Amino acid sequence: MPSLDDITAAQTALSSSQVDRLQALITDWQIVADLSFSDLVLWVDDAESKGMWAAAQIRPTTGPTTLHEDVVGTFVPRDVTQVSDQAQPDGARITQAAVPVMWAGRRLGVVVRRRPESDRRSVGALESAYQRTSDDLFEMIRRGEFPLPGVPSELADSLRVGDGFIRTDAAGLVAYASPNALSAYRRLGLTGDLRGSDLIEVTTALIGADADRQFSSLFGAGDAEAEVENDGASMLLRIMPLRSDRGPIGSLILLRDVTELRLRERELVSKDATIREIHHRVKNNLQTVAALLRLQSRRMEIPAAREALQEAERRVGSIALVHETLSQSFDESVEFDAIADTLLRTVLDVGGGAVKAERVGSFGSVPAEIATPLAMALTELVQNAAEHAFGPEGGRVTLAVNRIRGRIRLRVSDDGRGLPDDFDPTLSLGLSIVSTLVRGELKGELEYESPSAGGTTVSIAFGL
């Protein structure tokens, strides 16, 4: 199914800002569909004024749908503003109404709402409150006032009308509260009824006087959200001001009781599963960053820039490797030998197979806070040896590790050309990183040597 961007780019003359406005509408129109118990279809004008294109659709979660097949991408050779009821093949009828989508004095499109004619839901108090509020939102769409200013957060997708619904009047008094909303307030400690009460006054009394100013500031300033809690419960709220052509007429509040969710989250904080999950997600994110760096380096035509991106990719990869190991561990320590061997294989790929490597000795288990800087320092040293120590004939890199009690000493040695006479480690980004990691993060010692037999040896010593 084509997207709104696809259709507007190919079939309309709408500007990018106008398309962004329509995108904001369809990001938030699930609320309108649910309150009106209706399917919604957004139609936009053809660039050559030959008709209109169906650019987006949404089905309600509160009632049956009339859109048994997707209509996005459909073209009709007319203006859909003057819609009429339709008869379906089974004899059922669909009632339709069209609402122009206005913005900055121009019609950007038309929203057609569709619902079964037999689906008349105006008998109950909840349905009546839903319908009145949806009528207000449709009028705001007609005047270009909905969606409200601001960028919807994740709550725009997560909170639904069925989770909890409150409608207030212009004075802030509760005109209607759904059963789920009332239950959430009961969980906070409410003993009376919400209807007819001042919502700000009731809520601040339940969550404490310290939150009074913060909560009251959410009303009337645009689309706002908050999480309120006390010792007994937690609740998510989204507050949307409602307006008529005469001014403010109240607020629409969607809410959800998240007490059990917050309790489970607090319990998980103390469990190893949470820590492992964090490391897993960090590893995934770092691997994504490494992949982006790799893609960017392939597009670079300047050799120096390409090489810099490839070095950055390897640095990120070494950190990701530590987090991958931690995500599989039940405590905050890692067996570093496997990490070191993987880093040796990965980094020495830059030698094209001409550079060989081996590890002598064992790191054993090291704390997580040491594993990351140690992996990065080791990556830089081995990579530096592979790139600069040898000629086309290649050579060998040896990682020697000696662990005595709570102290580790390691040496990265090569049998290459040795250090130049004017060697200055501060002029190399990689070696500057190593110095910072060893002396700053590991609180250790770093030395460079050029043995008489040739090659280079870098020694690192630190305590656990």
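Residues numbered from 1 in each chain as written. Predicted model: local features only at pLDDT ≥ 70, side-chain atom pairs only at ≥ 80, totals over all residues. Heavy atoms only, no water.

Student: Please provide a residue-by-residue account of the environment of Arg21, values included.
Tutor: Topologically, Arg21 is positioned in helix 2 (residues 16-28). By relative accessible area, Arg21 is classed as buried at 15%. As for Arg21 and Pro147, which are separated by 126 residues in sequence, their C-alpha atoms are 8.2 Å apart. Aside from chain neighbours lying at most four places away, what touches Arg21 is Trp103, Leu108, Gly144, Glu145, Phe146 and Pro147. (Helix = DSSP H or I, 4+ residues; strand = E, 2+ residues; numbered from the N terminus. Buried < 20%, exposed > 50% of the residue type's maximum accessible area, 1.4 Å probe, protein only. Contact = heavy atoms within 4.5 Å.)

Student: Tell me about the pattern of salt bridges, and please be specific about residues and values.
Tutor: A full pass over the atoms with the stated rule returns 19 salt bridges. Close ionic contact of Arg187 with Glu260 constitutes a salt bridge, the shortest N to O distance being 2.5 Å. With Arg187 in helix 6 (residues 179-188) and Glu260 in helix 9 (residues 259-269), this pair connects stretches of sequence that are 73 residues apart. Connected via shared salt-bridge partners are Asp28, Asp223 and Arg238. (Salt bridge = Lys/Arg side-chain N within 4 Å of Asp/Glu carboxyl O.)

Student: Any chance you could break down the sheet that holds strand 18 (residues 456-463) for me, citing the residues and the numbers?
Tutor: If you walk across this open sheet you meet the five strands as 13-15-16-18-17, and the pairing is mixed. Strands at the two margins of the open sheet, each flanked by one partner only, are strand 13 (355-360) and strand 17 (445-449). Taking the axes of each pair of neighbouring strands and ignoring which way they run, one obtains an average angle of 10° across the sheet. In this structure, strand 17 lies alongside strand 18, joined through five bridges in antiparallel fashion. The residue of strand 18 that forms the bridge with Tyr448 is Val458. Each of strand 17 and strand 18 is contacted by helix 14 (residues 429-441), which is oriented at about 145° to strand 17, the strand it contacts most. (Pairing = 2+ DSSP bridges. Axes fitted to C-alpha atoms, helices over the stretch in contact; angles between N-to-C directions.)

Student: Describe in detail the packing of aromatic side chains, supporting the description with residues and values.
Tutor: Taken as a whole and assessed by the stated rule, the structure comprises six aromatic pairs. An angle of 80° between the planes, with centres 5.1 Å apart, marks the rings of Tyr130 and Phe165 as edge-to-face. Placement of Tyr130 in helix 4 (residues 125-143) and of Phe165 in strand 7 (residues 165-168) is noted, with a sequence separation of 35 residues between them. Overall, Tyr130 belongs to the buried group, its relative accessible area being 5%. By relative accessible area, Phe165 is classed as buried at 0%. Members of the aromatic cluster, each reached through a chain of ring pairs, are Phe37, Tyr130, Phe165 and Tyr176. (Phe/Tyr/Trp six-rings, centres within 6.5 Å; stacked < 30°, edge-to-face > 60°.)

Don't take any of this as a statement about function, it's just geometry.
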